[in-house]
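What follows is the residue order along each chain.
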Amino acid sequence: MNEDELRVTADLAEIELTDEELASLGAAVEQLVSYFEIMAEADVDGLEPTTHALLRRNRIRADEPAMDPETDADDLLENAPELEDRFIVIPNVL
Amino acid sequence: MSYWNRVLGAPHTREAYAAFVRAQDERLGAFLEFDPERRNTADRGTEDGRGAGGHRRGVGLLAGLPVAVKDNIAVAGFRLTCGSRFLEALRCPYTATAVRRLEAAGARVVGKTNLDEFGMGSSTDNSALGVTNNPYDHARVAGGSSGGSAAAVAAGLVPLALGSDTGGSVRQPASFCGVYGFKPTYGAVSRYGLVAFASSLDVVGACARDLDTLEAAFAAMRGLDERDHSSLAPEADTGAGSAVPAGGAEVRAVGVLTGLEGLAPGVQAAYASTIAKLRGRGYELREISLNTLQYVVPAYYTIATAEASANLARYNGVRYGARPEMADNPDELVRTARDEGFGPEVKLRILLGTYVLRSGFQDQYYLRAQRIRTAIRNELNRAFEQVQVILTPTVPVLPFAHGEGELTAFEQKLADQFTATASLAGIPALSVPGEWADGLPVGMQLLAPAFAENRLWALGRELGEAGTPPDYPAFPEWAASAGYRLDLG
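Each value, and the rule that gives it
Residues numbered from 1 in each chain as written. Chains lettered and ligands numbered in written order. Predicted model: local features only at pLDDT ≥ 70, side-chain atom pairs only at ≥ 80, totals over all residues. Heavy atoms only, no water. Contact = heavy atoms within 4.5 Å. Buried area = accessible area lost by both parts, 1.4 Å probe. Salt bridge = Lys/Arg side-chain N within 4 Å of Asp/Glu carboxyl O. Polar contact = N/O pair within 3.5 Å; in protein donor to acceptor, adjacent residues only side chain to side chain. Helix = DSSP H or I, 4+ residues; strand = E, 2+ residues; numbered from the N terminus. Nonpolar A, V, L, I, M, F, W, Y, C, P; charged D, E, K, R; others polar. Core = buried A, V, L, I, M, F, W, Y, C linked by side-chain atoms within 4.5 Å. Buried < 20%, exposed > 50% of the residue type's maximum accessible area, 1.4 Å probe, protein only. Lys, Arg positive; Asp, Glu negative; His and termini not counted. Phe/Tyr/Trp six-rings, centres within 6.5 Å; stacked < 30°, edge-to-face > 60°. Lys NZ or Arg CZ within 6 Å of the ring centre and 35° of its normal. Disulfide = S-S within 2.5 Å. Pairing = 2+ DSSP bridges. Right-handed = clockwise from strand over helix to strand, strands pointing away.

(A) Just the interface of chain B and chain A, in detail. Taken together, the 79 residues of chain B in the interface contact 59 residues of chain A. Considering only the surface of chain B that becomes buried against chain A, His 229, Arg 335 and Leu 351 of chain B emerge as the three largest contributors, covering 12% of it. Here Glu 21 of chain A ties to Lys 347 of chain B by a salt bridge, and the two come within 2.7 Å at their closest N and O atoms. At the junction of chain B with chain A, the criterion picks out 21 residue pairs in polar contact (both at pLDDT 80 or more). A total of 13 residues in the side of chain B that touches chain A trace back to one element, the largest contributor, which is helix 11 (residues 363-383) of chain B. Looking at the side of chain B that touches chain A residue by residue, the class counts come to 41 nonpolar, 18 polar and 20 charged.

(B) Layout of the nonpolar core. All names here are of chain B. Core analysis: the largest hydrophobic core is formed by 173 residues, its most contacted members being Tyr 17, Phe 118, Leu 162, Leu 214 and Leu 430. Per element, the largest residue contribution to this core is 11 residues, and it comes from helix 8 (residues 293-311). Dropping the residues within four chain positions of it, Phe 118 is found in contact with Cys 82, Ser 84, Leu 87, Val 195, Phe 197, Leu 312, Tyr 315, Phe 342 and Val 346.

(C) Just the side chain of Arg 323 of chain B, in detail. Locating Arg 323 of chain B in the fold gives a position in the loop between helix 8 and helix 9 (330-341). Within the buried core, Arg 323 of chain B has no salt-bridge partner, and the shortest N-O distance to an opposite charge, that of Glu 82 of chain A, equals 4.3 Å. From its side chain, Arg 323 of chain B meets the backbone oxygen of Val 89 of chain A in a polar contact 2.6 Å long. For Arg 323 of chain B, the side chain forms a polar contact with the main-chain oxygen of Val 318 of chain B, separated by 3.3 Å. Discounting residues that sit within four places of it in the chain, Arg 323 of chain B has contacts with Pro 81, Glu 82, Val 89, Ile 90 and Pro 91 of chain A together with Gly 317, Val 318, Leu 333 and Ala 337 of chain B.

(D) Expanded view of the packing of aromatic side chains. Inspection of every chain in the model, using the stated rule, returns 26 aromatic pairs over all chains. Between Tyr 35 of chain A and Phe 410 of chain B the ring centres are 5.4 Å apart and the planes differ by 85 degrees, which places this aromatic pair in the edge-to-face class. Note that Tyr 35 of chain A is positioned in helix 2 (residues 19-36) and Phe 410 of chain B in helix 12 (residues 409-414), a pairing that runs across two chains. A ring pair is formed by Phe 86 of chain B and Phe 342 of chain B, whose centres lie 5.8 Å apart and whose planes are at 25 degrees; its orientation type is stacked. Taken together, the residues Phe 86 of chain B in the loop between strand 2 (66-70) and helix 3 (97-104) and Phe 342 of chain B in the loop between helix 9 and helix 10 (344-357) connect sequence positions 256 residues apart. Phe 342 of chain B matches Phe 86 of chain B in its accessibility class, with the two residues each being buried. Here a set of aromatic residues connected by ring pairs shows up, and it is made of Tyr 3, Trp 4, Tyr 17, Phe 20, Phe 31, Phe 34, Phe 475, Trp 478 and Tyr 484 of chain B. Sitting over the face of the ring of Tyr 472 of chain B, Arg 27 of chain B holds its NZ or CZ atom 4.3 Å from the ring centroid. Directly above the aromatic system of Tyr 192 of chain B lies the positively charged group of Arg 227 of chain B, at a separation of 5.0 Å from the ring centroid.

(E) Quick look at the state of the cysteines. Residues and elements named next belong to chain B. As enumerated under the stated definition, the model contains 0 disulfides over all chains in all. Not engaged in a disulfide, the cysteine Cys 82 finds its nearest cysteine sulfur in Cys 92; these two sulfurs lie 9.4 Å apart. By relative accessible area, Cys 82 is classed as buried at 0%. The closest cysteine sulfur to the non-disulfide-bonded Cys 177 is located on Cys 207, 7.9 Å from its own sulfur.

(F) Broad picture of the pairing of strand 9 (residues 253-257) of chain B. Residue and element names in this part refer to chain B. Of all 5 residues in strand 9, 5 are buried; the element is thus mostly enclosed. A two-sided burial pattern is seen for strand 9, the buried positions comprising Ala 253, Gly 255 and Leu 257 on one face and Val 254 and Val 256 on the other. Bridge count between strand 9 and strand 10 (residues 284-288): 5 bridges; the pairing is parallel. Residue Val 254 lies in a different strand from strand 10, and its bridge partner there is Leu 285. Note on the crossover from strand 9 through helix 7 (residues 265-280) to strand 10: the handedness is right-handed.

(G) Quick look at unusual backbone geometry. All names here are of chain B. Here Gly 144 and Ser 145 are connected by a cis peptide whose omega angle stands at 10 degrees. Here Ser 145 is to be found in the loop between strand 5 (137-141) and helix 4 (147-154). In the Ramachandran plot, Phe 118 falls in the positive-phi region, its phi being about 55 degrees despite a non-glycine side chain. Within the secondary structure, Phe 118 is located in the loop between strand 3 (108-113) and strand 4 (133-134).

Here it is as structure tokens:
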């Protein structure tokens, strides 16, 4: 993987890379991607991909709000870095 | 009243217990947070600590039992850091289903344990919040990612600890620390409240020094949960009728792998010794070969990082978590929050996962890995027509030194081969302690078909014995030497 590919990937992942990280993480990504090439040798003709190891069909629930009576929305909001009433405040962005 | 009931039952014993754990943990580094005074979830918010139904004490083996929980599993009243700077300050407002079910059986959560950031690693060295040592040799790692949970159990600080296991994260540290480590069938235990890493592989598992405790914990935690739509009851329709295999717990034939390469000599010897032990006890041993084994690690890391890159997209620093004071624009806010919040291993896996999912590469990597996953499951299913349980080493290497001097980060990933096999297939697995090499524990892994956990208990009882790290005293002895006068029965 060249440096441009890595930059595009980092951009998609919303990860900022310093030049130092570009070198160290780039080398590690490259090593793993090269290692993944061995998968090309596996005989998987006619095999369906596995998404859930055991369940063969999708499960859906009724389209109703699933409220947890013991989890309060205000408790969740308390983890916001800054609140104004029940609004989450983000840093000033221009 | 049981021993642990006495420990947690009175303020002065709890105080001594807390002092004991803190003193041991200065050397061990297993806990990120410890508080034996915490009230159970159902009893919180009431003045006398009794919920509407009265204080739930539970009955049976788990009643009054202190439990440690890996810090990527939600427990109200504790933090939920995932070993990450990003979530260092997060106070958890709710409790995971698995933990609530343990609490309903009487167990009490006393602390949260250290882990590789978001469960990504094999050493717990990837935690941003502390170092966990192997209780048998502090220069070595406890394993990971549930290193804190395994070390806490091995050192006798708690009798039971929950972990999460995506590719071996409970079994590998259990092997390194000389305790039992259990990964249930995928979906058998609800993931509600487990912070997602790779959703199609993640399970809540546990470490203990004895199988009675593990079995009781699994019995309490298991079952369908409407809050986790990937959770399964044993009678679930998996496309081939009931998922529970016939034959019950009885184990007659055990599959052993031939032609294994790259095992450390100590692990090789332990594997041979375990096979000899089983043969001596009258089990039929059948050699099996798994042709897909060579594809396990690449398929596992393709799938796990792909899912991780999607799951970790939620950490953008807006609604919760660490974030910069200032940003020039919204993009910079998100990027700076992620840059400062994530460690290098997490960044590596997000990059890798994003890459294998990019348009043009999906067929080559992600889709191919999912097909290989099917091939692995098929091959294991065929093997389970011949044998009831398959025996492998848990990890091909011995507990390694902190850092990358003995084993590079890449080599640490390669060592997931045997554990990730069970993860990809969704089947239950147990790391059994009892073998030793150079004074270090070596775990052996038992694999069974989906929902055949009872075979793991049956064979595990034949083989296993947890070790006792020489430098870690039991609580009563420590308490006596520290001048506490306790009646612990």
